[in-house]
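Spelled out, the chains give:
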Amino acid sequence: MWLSQMYYPALAIGSAALMASIGPIARLSQVDAASLTFYRLAFGAVAIGLFLLFSRQTPLMRQAPHWTVVLNGVLLASFILCFLQAIQTLSLTVAIMLVYLAPACAALIAHFWFKERLTPFSLAMILLAFFGFVLLQDLSADQSGLYSAGLWYALGSLLTYCAFLLVNKKVPVSEHRLNSTFYQLLVGACCALPFMLQQDAPSAAQWPWLIAAGLFPGALALWCAVQALSHLPARVYGTLAYTEPVVVVLCAWWFFAEPLSLRQSMGVSLIILAGIAQTAGTKPVQPNDRAVPQA
């Protein structure tokens, strides 16, 4: 019972951790942001396609995707590209703070749209996780450019990320999750393609990192997210989504020897505490509650 209860929260945490791996990959590969976005999505689609091929499930790729799947592919690329544009002219702290309002906003919208009622406790856990996230940020960073065009891009990334979380919950349960993941990545790659055509071709040393980007923060991360979003209330997924900045901070501390302050340690602890508390009362998925989609 406990294992079945924790399966989908574990997928949500896994998705957040895999998404966070794009930071070290970006730093080590030294690939420009637009190209990294395209190859992350394109190689992710290739990875899912190869899995379907070798598992003899290629007929799935010939099935027309549901319109929500196509929309999610557009939202995925839009979110990434808006964020990359935002950090060009807006302080990184402000841009990240706006983006990570999305999980909390998604939980509030789901309260009214999907009737996923927020209790005072679940709302408190979301706010606790967000407060922990605030503690992870460098609030002493320069805030110049707050009212520049970067602010609009940051708001765009907030809205598209929030919409991505919510629309994924509207994908029909009859839609195969691998098929959904494949087409979201493929549509996202097509949207990102025009932004990287002016960039130089990657060097031989960069290709392994681009393939890793497609496999880990691309294919595997999105598949875990699609699975978790279809089974978890938005309030639970929204709280667990704050695992991503925790993994980023811990990776920077472990792999790149960046200092981890007491304030950041407190932020990590609060996010973990909120995630445990939020998932503790989550009921396991029952077939009578929701049809279980194929993996």
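Just above sits the structure.
Residues numbered from 1 in each chain as written. Predicted model: local features only at pLDDT ≥ 70, side-chain atom pairs only at ≥ 80, totals over all residues. Heavy atoms only, no water.

1. What about the packing of helix α2 (residues 22–29) against helix α10 (residues 207–231)?
Axes are the key here: two packed helices are described by the angle between their axes and the distance separating the axes. Where α2 contacts α10, the two axes come as close as 10 Å, and the packing angle between them is 175°. Between α2 and α10, the crossing angle belongs to the class labelled roughly antiparallel. Within the contact between the two elements, α2 uses I22, I25, L28 and S29 and α10 uses W209, A212, A213 and P217. Classifying every residue of the contact of α2 with α10 gives 7 nonpolar, 1 polar and no charged. (Axes fitted to C-alpha atoms, helices over the stretch in contact; angles between N-to-C directions. Helix = DSSP H or I, 4+ residues; strand = E, 2+ residues; numbered from the N terminus. Parallel < 35°, antiparallel > 145°, perpendicular 65-115°, else oblique. Contact = heavy atoms within 4.5 Å. Nonpolar A, V, L, I, M, F, W, Y, C, P; charged D, E, K, R; others polar.)

2. Topic: the nonpolar core
By size, the foremost hydrophobic cluster in this structure holds 88 residues, and its most contacted members are F133, Y161, L185 and Y242. Counting residues per element, this core draws most heavily on α10, at 11 residues. Leaving out residues up to four positions away in the same chain, Y242 has contacts with Y100, P103, A104, A129, F130, F133 and I271. (Core = buried A, V, L, I, M, F, W, Y, C linked by side-chain atoms within 4.5 Å. Buried < 20%, exposed > 50% of the residue type's maximum accessible area, 1.4 Å probe, protein only.)

3. Side note on a nonpolar patch on the surface
Taken together, the side chains of V46, L50, L53 and F54 present a nonpolar region at the surface, about 420 Å² in accessible area. Within the secondary structure layout, L53 lies in helix α3 (residues 33–54). With a relative accessible area of 47%, L53 lands in the partly exposed category. (Patch = residues over 30% accessible without salt bridge, like charges linked within 9 Å, V, L, I, M, F, W, Y side chains within 5 Å. Areas by Shrake-Rupley, 256 points an atom, 1.4 Å probe, with all protein chains shown as cover. Salt bridge = Lys/Arg side-chain N within 4 Å of Asp/Glu carboxyl O.)

4. So, the pattern of salt bridges
Overall, the coordinates contain 1 salt bridge when judged by the stated rule. Close ionic contact of K169 with E116 constitutes a salt bridge, the shortest N to O distance being 3.2 Å. In this pair, K169 is assigned in the loop between α8 (149–168) and α9 (177–196) and E116 in the loop between α6 (102–113) and α7 (120–136), connecting sequence segments 53 residues apart. Residues K169 and E116 agree in their burial class; the two are buried.

5. Thoughts on α8
Look at α8: 29 Å from first C-alpha to last across 20 residues, which is about the 28 Å you get at 1.5 Å a residue. Burial within α8 is extensive, with 14 of its 20 residues counted as buried. (Expected span 1.5 Å × (residues − 1).)

6. Here we look at the packing of helix α4 (residues 67–89) against α8
Relative to each other, α4 and α8 sit at 155°, their axes nearing to 7 Å. Classified by the angle their axes make, α4 and α8 are roughly antiparallel. For the pair α4 and α8, the sense of crossing is left-handed. Residues T68, L71, N72, L75, L76, S78, F79, C82, F83, Q85, A86 and T89 of α4 touch α8, and the partners they reach there are A149, G150, Y153, A154, G156, S157, T160, Y161, A163, F164, V167 and N168. (Left-handed = near helix turned anticlockwise from the far one by under 90°.)

7. A short note on the packing of aromatic side chains
The final tally for this structure, using the stated rule, is 14 aromatic pairs. Taking 6.2 Å as the distance between ring centres and 75° as the angle between the ring planes, the aromatic pair formed by F130 and Y242 counts as edge-to-face. A residue pair is termed long-range when its members are at least 10 positions apart, and F130 in helix α7 and Y242 in the loop between α11 (234–240) and α12 (243–255) qualify at 112 residues. The same class applies to F130 as to Y242, namely buried. Judged by centre distance (5.0 Å) and plane angle (80°), the rings of F182 and Y183 are edge-to-face. The class for F182 is buried, based on a relative accessible area of 11%. (Phe/Tyr/Trp six-rings, centres within 6.5 Å; stacked < 30°, edge-to-face > 60°.)

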